[in-house]
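Here is what each chain is made of, one letter per residue.
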Amino acid sequence: MVVAPTRAEALSLFRSLLRTARQFSDYNIREYTRRRAADAFRENRALGDVAAVAAAFADGKKLLEVAKRQVVVYSLYAPKAKSIMEMKLQ
Amino acid sequence: MAAAAALRPAILRRIRLSPSPAAAAGAAAASQPNALARWLARPMSSHDAHLTRDEVVDRLLDVLKCHPKVDPSKVSPEAHFEKDLGLDSLDTVEVVMAIEEEFKLEIPDQEADKIDSLPLAIEYVANHPMAA
């Protein structure tokens, strides 16, 4: 018996992914993770099948754990220079 | 004994230890005449740069206008994210995250779920003691 996540649970997962994405020290990985989360949620927003929704939600939770681990790993190899995209324009 | 007890507060009242920040400021004042004035003029609260409501409104409008899915001409202080700006629930989550970043806040999920319009966002940020 699979149970589809509630709307609040889905939004909470999305928020957690964005919060985790924000912690990456490297601009490119930070932005990629944010984009990847937003794209995946948009792509799956119209899923009707309960099993498909539950599977996508479980996948998202798994990827959140991956992202959390990678934040730690990447923090050990933080880039020494900032990306040009992060610099404030005069 | 009674005399010593009477003497004690009198002596304590006379003794003055200069606190070190004042001494440092005094030393700095010798080289820079304005330093002492600046040190004396600084506010005593750590929240010296508390935001005014106008500033909050301005910065929130900027955050909204910079969001890629928002039409800048539709942004007003009364706008509702979904009804007026045409955002969906996922966009709203992203907008609230952008607001968090702008004001260096951490908005808990339960609060963030409630923020669905600019008036509510303004209210939340303006009343938040840590907003910077």
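Residues numbered from 1 in each chain as written. Chains lettered and ligands numbered in written order. Predicted model: local features only at pLDDT ≥ 70, side-chain atom pairs only at ≥ 80, totals over all residues.

As recorded in an unreviewed UniProt entry, chain B goes by the name Acyl carrier protein, listed as coming from Oryza punctata. Of chain B, the UniProt comment under Subcellular location (unreviewed entry) reads exactly: "Mitochondrion". According to the UniProt record, the Function (unreviewed entry) comment for chain B reads "Carrier of the growing fatty acid chain in fatty acid biosynthesis. May be involved in the synthesis of short and medium chain fatty acids. Accessory and non-catalytic subunit of the mitochondrial membrane respiratory chain NADH dehydrogenase (Complex I), which functions in the transfer of electrons from NADH to the respiratory chain." (UniProt positions renumbered as here; feature names shortened; annotations may be inferred.)

In the annotation of an unreviewed UniProt entry, the entry for chain A reads Complex 1 LYR protein domain-containing protein, and the organism field reads Oryza punctata.

Draft legend 1. Highlighting the overall build of chain B. Of the regular secondary structure elements, chain B holds seven helices and zero strands. Secondary structure of chain B in N-to-C order comes out as α-α-α-α-α-α-α. Considering only intrachain contacts with a sequence separation of at least 6, the fraction spanning at least 24 residues in chain B is 49%. (Helix = DSSP H or I, 4+ residues; strand = E, 2+ residues; numbered from the N terminus. Contact = placed C-beta atoms within 7 Å.)

Draft legend 2. Seen up close, the UniProt feature "domain: Carrier" (unreviewed entry) in chain B. Per the UniProt entry, the sites bearing "domain: Carrier" (unreviewed entry) are residues 54-129 of chain B in this numbering. Annotated as residues 54-129 of chain B, this span is 57% helix and 0% strand, and its ends, taken at the C-alpha atoms, are 16 Å apart.

Draft legend 3. The arrangement of the packing of helix α4 (residues 53-66) of chain B against helix α7 (residues 118-126) of chain B in detail. Residues and elements named next belong to chain B. At a minimum axis separation of 10 Å, α4 and α7 run at an interaxial angle of 130°. In this view, α4 runs oblique relative to α7, as classed from their interaxial angle. By crossing handedness, the relation of α4 to α7 is classed as right-handed. Along the contact surface, α4 presents R53, V56, V57 and L60, while α7 presents L118, A121, I122, V125 and A126. Considering only residue class, the contact of α4 with α7 consists of eight nonpolar, no polar and one charged. (Axes fitted to C-alpha atoms, helices over the stretch in contact; angles between N-to-C directions. Parallel < 35°, antiparallel > 145°, perpendicular 65-115°, else oblique. Left-handed = near helix turned anticlockwise from the far one by under 90°. Nonpolar A, V, L, I, M, F, W, Y, C, P; charged D, E, K, R; others polar.)

Draft legend 4. Structural context of the interface of chain B and chain A. At the junction of the two partners, chain B supplies eight residues and chain A supplies nine residues. Put simply, the parts of the chain that give the side of chain B that touches chain A at least two residues each are α5 (89-103) and α6 (109-114) of chain B. Per element, the largest residue contribution to the side of chain B that touches chain A is five residues, and it comes from α5 of chain B. Here the residues of the side of chain B that touches chain A sort into four nonpolar, one polar and three charged.

Draft legend 5. Structural context of unusual backbone geometry. Of note, K104 of chain B is a non-glycine position whose phi angle comes to about 50°, a positive value. Tracing the chain through its elements places K104 of chain B in the loop between α5 and α6.

Draft legend 6. Looking closely at helix α1 (residues 7-22) of chain A. For α1 of chain A, which comprises 16 residues, the first-to-last C-alpha distance of 23 Å matches the rise-based estimate of 22 Å (1.5 Å per residue) to within 8%. Those residues of α1 of chain A that sit buried are A10, F14, R15, L17, L18, T20 and A21 of chain A. Residues of α1 of chain A that are buried in the fold lie against α2 (27-43) and α3 (50-76) of chain A together with α5 and α6 of chain B. (Expected span 1.5 Å × (residues − 1). Buried ≥ 20, exposed ≤ 12 C-beta atoms within 10 Å, placed from the backbone.)

Draft legend 7. Broad picture of the nonpolar core. Grouped together as the largest cluster of nonpolar side chains are 31 residues, with contacts concentrated most on F14 of chain A together with L60, V96, I99, A121 and V125 of chain B. Of all the secondary-structure elements, those providing two or more residues to this core are α1, α2 and α3 of chain A together with α4, α5 and α7 of chain B. Those residues in contact with V125 of chain B that lie beyond four places of it in its chain are V56, L60, I99, F103 and A131 of chain B. (Core = buried A, V, L, I, M, F, W, Y, C linked by C-beta atoms within 7 Å.)

Draft legend 8. Representation of α4 of chain B. Residue and element names in this part refer to chain B. With 14 residues, α4 should cover 20 Å at 1.5 Å per step; its first-to-last C-alpha distance of 20 Å lies within 8% of that length. Residues V56, L60, V63 and L64 constitute the buried set of α4. Viewed end-on, α4 has its buried residues packed into an arc of 95°, placing them on one side of the element. Set apart from the buried face of α4 by more than 90 degrees, the exposed residues are D54, D58 and C66. Buried residues along α4 sit against α5 and α7. (Arc of directions from axis to C-beta.)

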